[in-house]
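Each chain, letter by letter, is given below.
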Amino acid sequence: VYRYDVVPPEDDAIVTYQSGMILRDVAIHPDDLQIDLWWSIDDAVERDFTVSVFLLGPAGLVAQLDAQPFVNQRPTSGWMVGEVVYDPHVLELVEGQGELPPGEYSVGVKVYAFEDAGLVVYPALDGSEFVIVGTVVR
């Protein structure tokens, strides 16, 4: 299956992470809590990174999904320079959260890897541990 997405030019990227991953575009589907990401790299990546996409409300974390890109099927070590990788995340409510109450929620994206030292977060180039990429209003 192929997707033919039109993404903004790399100069208009949303954020670049210290992992070398460049978040090119985001689409937020509030009804089913699906967050679509489009990634690329500007240099070969030798490590497989995990992407955490989450919702933050006034009381903190309300939904999250952590996975390697494209539902664990497109590890970053196999990406080609210049390739655009589609990465959907359907968020799961945190345990004990029956339903997402009405309100406004921030959508965050974080990149990390499991290394010998354990979990290592790769922040954005500006040093932010995660980046807010949009909102969900219910």
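Overview of the structure. What you see is a predicted model; the values in this text were computed from it and never measured.

Parameters at a glance
Residues numbered from 1 in each chain as written. Predicted model: local features only at pLDDT ≥ 70, side-chain atom pairs only at ≥ 80, totals over all residues. Heavy atoms only, no water. Helix = DSSP H or I, 4+ residues; strand = E, 2+ residues; numbered from the N terminus. Rg over C-alpha atoms; globule rule 2.2 N^0.38 Å. Buried < 20%, exposed > 50% of the residue type's maximum accessible area, 1.4 Å probe, protein only. Contact = heavy atoms within 4.5 Å. Areas by Shrake-Rupley, 256 points an atom, 1.4 Å probe, with all protein chains shown as cover. Lys, Arg positive; Asp, Glu negative; His and termini not counted. Charge placed at Lys NZ, Arg CZ, Asp CG, Glu CD. Phe/Tyr/Trp six-rings, centres within 6.5 Å; stacked < 30°, edge-to-face > 60°. Polar contact = N/O pair within 3.5 Å; in protein donor to acceptor, adjacent residues only side chain to side chain. Patch = residues over 30% accessible without salt bridge, like charges linked within 9 Å, V, L, I, M, F, W, Y side chains within 5 Å. Salt bridge = Lys/Arg side-chain N within 4 Å of Asp/Glu carboxyl O. Core = buried A, V, L, I, M, F, W, Y, C linked by side-chain atoms within 4.5 Å. Pairing = 2+ DSSP bridges.

**Remarks on the overall build of the protein**
A tally of regular secondary structure across the protein gives one helix and ten strands. The secondary structure elements of the protein, listed N-terminal to C-terminal, are β-β-β-β-β-α-β-β-β-β-β. A compact globule built from 138 residues should have a C-alpha radius of gyration of about 14 Å, and the protein, at 15 Å, falls within 12% of that. Split into buried and exposed, the 138 residues of the protein put 41% on the buried side. Contacts spanning at least 24 positions in sequence make up 61% of the contacts within the protein whose residues lie at least 6 apart. Of the roughly 7,600 Å² that the protein leaves accessible, carbon and sulfur atoms contribute 49%. Computed over 6 positive and 23 negative side-chain charges, the separation of the two mean positions in the protein equals 2 Å.

**Section: the packing of aromatic side chains**
Counted by the stated rule, this structure contains six aromatic pairs. Members of the aromatic cluster, each reached through a chain of ring pairs, are W38, F70 and Y86.

**Some thoughts on the side chain of D36**
Within the secondary structure layout, D36 lies in strand 3 (residues 34–41). Residue classification places D36 among the buried positions, given a relative accessible area of 6%. A polar contact is formed between the side chain of D36 and the side chain of Q34, at a distance of 2.6 Å. Apart from residues no more than four positions distant in its own chain, D36 is found in contact with D25, V26, A27, H29, Y86, D87 and P88.

**Some details on a negative patch on the surface**
Negative charge collects at one region of the surface, where E10, D11, D12, D42 and D43 lie side by side. Of note, D12 is situated in the segment before strand 1 (15–16).

**Concerning the nonpolar core**
Within the largest apolar cluster, 31 residues are counted, with the highest numbers of intra-cluster contacts made by Y17, L23, L37, W39, V53, L55 and V109. Secondary structure elements with two or more residues in this core: strand 2 (21–29), strand 3, strand 4 (50–57), strand 5 (60–67), strand 8 (104–115) and strand 10 (131–137). At five residues, strand 8 tops the list of elements feeding residues into this core. For L23, the contacting residues outside a window of four places in its chain are A13, I14, V15, Y17, L37, W38, W39 and V133.

**Concerning the environment of A67**
Mapped onto the secondary structure, A67 falls in strand 5. Between the C-alpha atoms of A67 and L100, which are 33 residues apart in sequence, the distance is 22 Å. Beyond its immediate sequence surroundings of up to four residues, A67 is in contact with T50, V51, N72 and H89.

**A look at the pairing of strand 8**
Where strand 4 lies against strand 8, seven bridges are found, and the strand directions are antiparallel. Paired with L56 across the two strands is S106, which belongs to strand 8. Alignment of strand 8 against strand 10, held across six bridges, turns out to be antiparallel. Bridged to V109 within strand 10 is V131. Here strand 8 runs beside strand 9 (residues 118–121); their pairing, made up of four bridges, is antiparallel. Of the residues in strand 9, the one forming a bridge with F114 is L119. Counted between consecutive antiparallel strands, the loop separating strand 8 from strand 9 contains two residues.

Bear in mind that shape data such as this cannot, by itself, settle questions of function.
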